[in-house]
Amino acid sequence: MFVRGLKRKCFDGEEDIEGTLAGIKAIPSYNLQRQSLLDMSLVKLQLCHMLVEPNLCRSVLIANTVRQIQEEMTQDGTWQMINTQSTGQASLDRLVSTDILCRSSRDQAEGKHVPAYGTYNKDFESDQAQDSSETMSTASSVQAPRNLQSNVWEMENPQENKGNFQKSLDQIFETLENKSPNSVEDLFSEVDNSYYDLDTMLTGMMSSTKMGHCDSLETFSSPTNTASNSNCKSDLNDLDHIVEILVES
Amino acid sequence: FLGAGGGNDIQWCFSQVKGAVDDDVAEADIISTVEFNHSGELLATGDKGGRVVIFQQEQENKTQSHSRGEYNVYSTFQSHEPEFDYLKSLEIEEKINKIRWLPQKNAAQFLLSTNDKTIKLWKISERDKRPEGYNLKEEDGRYRDPTTVTTLRVPVFRPMDLMVEASPRRIFANAHTYHINSISINSDYETYLSADDLRINLWHLEITDRSFNIVDIKPANMEELTEVITAAEFHPNSCSTFVYSSSKGTIRLCDMRASALCDRHSKLFEEPEDPSNRSFFSEIISSISDVKFSHSGRYMMTRDYLSVKIWDLNMENRPVETYQVHEYLRSKLCSLYENDCIFDKFECCWNGSDRQVEFSSLCTSDLSSIVMTGSYNNFFRMFDRNTKRDITLEASRENNKPRTVLKPRKVCASGKRKKDEISVDSLDFNKKILHTAWHPKENIIAVATTNNLYIFQDKMN
């Protein structure tokens, strides 16, 4: 579970950590858990009930959580840490720590959304070498459903927010372009920056086709599935494929 | 916790259970609201399928002094139908979010029921006579040939089997862009408020084509939205005062006399955050899911994810009492976030009004003041504000014998589990009690599980 308390408690070596060694171990674990919470939150924002307007209170609370994490990560400068981590093992740890209390009947109640989410999780767990790929997976996963789900906040005045493409929360995805050194980022340089804008997504400015969003998410999922544990190059091909789909939709 | 017997402690017994027995719950049967009327004779439930079912208490049988009247189905009607918003390409759920009864003025009963977008005023009336002996109509309704009529008679009313009819008298529509979470009838019994995520509107019960917007927290730029309205209620005595709660754990008290748009609150109730409990979930669990005034209007109760708080309206900076509902869940918040349970909106209620007459602060009241709220695993909790004792009970068909006292439950948070305790990891998070109601005059409570309605009453001697 989460190390309770603010991140700086860990660094300050305050009372929460028993012993220096435990404190050192706690730091990467905290980061991983925080990252997994961020990923989970982003997925939750996308996987809303498409036929009925999503619950605004829930969306606001999740978005606030995302902002909190993002602010803390920016303050810590941990975006760099994540990008330089090279092991795929880290990804496996990320989601294992959460224990699931609900029975499977809950999953059935969620309908077709949960298989998509479940697949999504597994993709992360079996994901390939680079963490940077993972963070890009995060970005592209945000894109995929977002094209189709446009109603997290509201639909009544889609026009009024069109001017705000460069708004805050870009930072979550900004590092992909600025900091990751490999060629994967070239793929994304062609993509409109606005795709990375969480607020853009939240205000539902993107296209309004809603049906079949799960198909897109699953389309996204399956390439990464087949690419598990393969090298970066095949990942690039998969991501290429994904971006094609996204740009066309 | 409350032990059996002793002093004024209530001993709760199973009385009735309504609803389907099988574990396979039809989505439409999920109960979404429960409310007693002002006399307690009627008990209304609303469900996800848009239906309202009203139960009526049998008149007490003088010979059966050991139990109060049972509740039986009185009326069932389809209040709301699913709709489709063509502009947004979205369905509007027919789920009944809230029911509120009007006080009875004549033979008929009136209630307000609302889904996400539309509020309806329903009239429920009884018909136990019908006119017979028409001149121009046969008994079956067919028209008689006028030329065959040779004598005239005056139709008379004859008794018939009781029929309960529900008819929609007013439809208050098109005033809410966001989802309605609360309705509250004013103490003037002429107006009421409806609250959605961002706005609160004031209506007159007779007028359906317009409403006044009294609170609007929608930011000019929706990207700046960080807080929504979660519940709202009129003060029970002061017809210009109301409160609304937010997803950030604040309650604002507003006075409609101050300005037309109550953008600026008269009072802001907020408890400072406990830094030792801070986590990424702090805000989510501070979100208030329900707010209820006490019957006197001097206190109000709020429910957030883990606790129930009692606020004195004269003190804004912290609650006067805090009761932990299921503190053992604090270490499970990440999992509860993952499975969305952390967003469950539990309601809370006070015990009946007759027992809460408050004298001056110099005089200690030994009249009981108990609050009740639900939890998981079909558990529900009661907190006695006077004795400071609490109890956990379970709504389950296993406790089916009437007049058998319910056994208190206990959750083992950690360490060795004692006999009869249940460990946190064994709790069923699909079995949640979100809606409970307390009879306004007697110790009778209605507790809704997912699709069943349980009625418990205190043991009478």
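This one's a predicted model, so the numbers in the text were calculated from it and none came from an experiment.

Basis of the calculations
Residues numbered from 1 in each chain as written. Chains lettered and ligands numbered in written order. Predicted model: local features only at pLDDT ≥ 70, side-chain atom pairs only at ≥ 80, totals over all residues. Heavy atoms only, no water. Salt bridge = Lys/Arg side-chain N within 4 Å of Asp/Glu carboxyl O. Buried < 20%, exposed > 50% of the residue type's maximum accessible area, 1.4 Å probe, protein only. Helix = DSSP H or I, 4+ residues; strand = E, 2+ residues; numbered from the N terminus. Pairing = 2+ DSSP bridges. Axes fitted to C-alpha atoms, helices over the stretch in contact; angles between N-to-C directions. Contact = heavy atoms within 4.5 Å. Polar contact = N/O pair within 3.5 Å; in protein donor to acceptor, adjacent residues only side chain to side chain. Phe/Tyr/Trp six-rings, centres within 6.5 Å; stacked < 30°, edge-to-face > 60°. Lys NZ or Arg CZ within 6 Å of the ring centre and 35° of its normal. pLDDT = per-residue confidence, 0-100.

## Comments concerning the pattern of salt bridges
Pairing is possible between side chains that carry opposite charge, provided their charged atoms lie close to one another.
All names here are of chain B.
Next up, step 1: According to the stated counting rule, one finds 35 salt bridges over all chains in the structure shown.
Next up, step 2: Measuring nitrogen to oxygen at the nearest pair gives 3.6 Å for the salt bridge that ties Arg210 to Asp209. In this pair, the class of Arg210 matches that of Asp209, namely exposed.
Next up, step 3: For Arg298, the salt bridge goes to Asp312, with nearest N and O atoms at 3.1 Å. Here Asp312 lies in strand E22 (residues 307-312) and Arg298 lies in the loop between strand E20 (290-293) and strand E21 (299-303), a separation of 14 residues in the sequence.
Next up, step 4: Judged by its relative accessible area of 34%, Arg298 falls in the partly exposed class.

## Digging into the sheet that holds strand E16 (residues 229-234) of chain B
By definition, the strands of a sheet pair up through backbone hydrogen bonds, in either a parallel or an antiparallel sense.
All names here are of chain B.
Next up, step 1: Taken in spatial order, the four strands of this open sheet run E16-E17-E18-E19, and their pairing is antiparallel. The sheet terminates laterally at E16 and strand E19 (267-269), the two strands that pair on one side only. The mean inter-strand angle of the sheet, taken between neighbouring strand axes irrespective of direction, is 20°.
Next up, step 2: Where E16 lies against strand E17 (residues 241-246), five bridges are found, and the strand directions are antiparallel.

## Some details on the environment of Glu273(B)
All names here are of chain B.
Next up, step 1: Tracing the sequence through the fold places Glu273 in the loop between E19 and helix H1 (282-286).
Next up, step 2: Take Glu273: its relative accessible area is 48%, and that puts it in the partly exposed class.
Next up, step 3: C-alpha separation for the pair Glu273 and Arg381, spaced 108 residues apart in sequence, amounts to 24 Å.
Next up, step 4: Look past the residues within four positions of Glu273 in its chain and what remains in contact with it is Arg278 and Ser282.
Next up, step 5: Looking at Glu273, its side chain comes within polar contact range of the side chain of Ser282, at 3.5 Å.

## Looking at the sheet that holds strand E30 (residues 435-438) of chain B
All names here are of chain B.
Next up, step 1: With antiparallel pairing, four strands are arranged side by side in an open sheet as E1-E32-E31-E30. What marks the edges here is a single partner per strand, and that holds for strand E1 (12-18) and E30. Neighbour-to-neighbour, the strand axes of this sheet turn through a mean angle of 20°, independent of strand direction.
Next up, step 2: Relative to strand E32 (residues 453-458), strand E31 (residues 444-448) runs antiparallel, the two being bridged by five bridges. Bridging from a neighbouring strand, Val447 pairs with Tyr454 of E32.

## A word on the packing of aromatic side chains
The relative placement of two aromatic rings is captured by the distance of their centres and the angle of their planes.
All names here are of chain B.
Next up, step 1: The full count for this structure, using the stated rule, is 21 aromatic pairs over all chains.
Next up, step 2: Here the aromatic rings of Tyr323 and Phe383 are separated by 5.1 Å at their centres, their planes lie at 25°, and the arrangement is stacked. Pair noted here: Tyr323 is in strand E23 (residues 321-324) and Phe383 is in strand E26 (residues 379-384), with a separation of 60 residues, a long-range link. Of the two residues examined, Tyr323 and Phe383, each falls in the buried class.
Next up, step 3: Following the ring pairs from residue to residue traces out a cluster consisting of Phe14, Phe380, Tyr454 and Phe456.
Next up, step 4: Of note, Lys137 hangs over the ring of Tyr134, and the distance from its end group to the ring centre comes to 4.8 Å.
Next up, step 5: Note that Arg385 overlies the ring of Tyr299, its terminal NZ or CZ placed 4.7 Å from the centroid.

## Observations concerning the confidence of the model for chain A
Next up, step 1: Averaged over all residues, the pLDDT of chain A equals 50, while 18% of them reach at least 70.
Next up, step 2: Overall, residues 1-19 of chain A carries pLDDT values under 50, and its contacts beyond four positions in sequence, including any with other chains, amount to 42 contacts.

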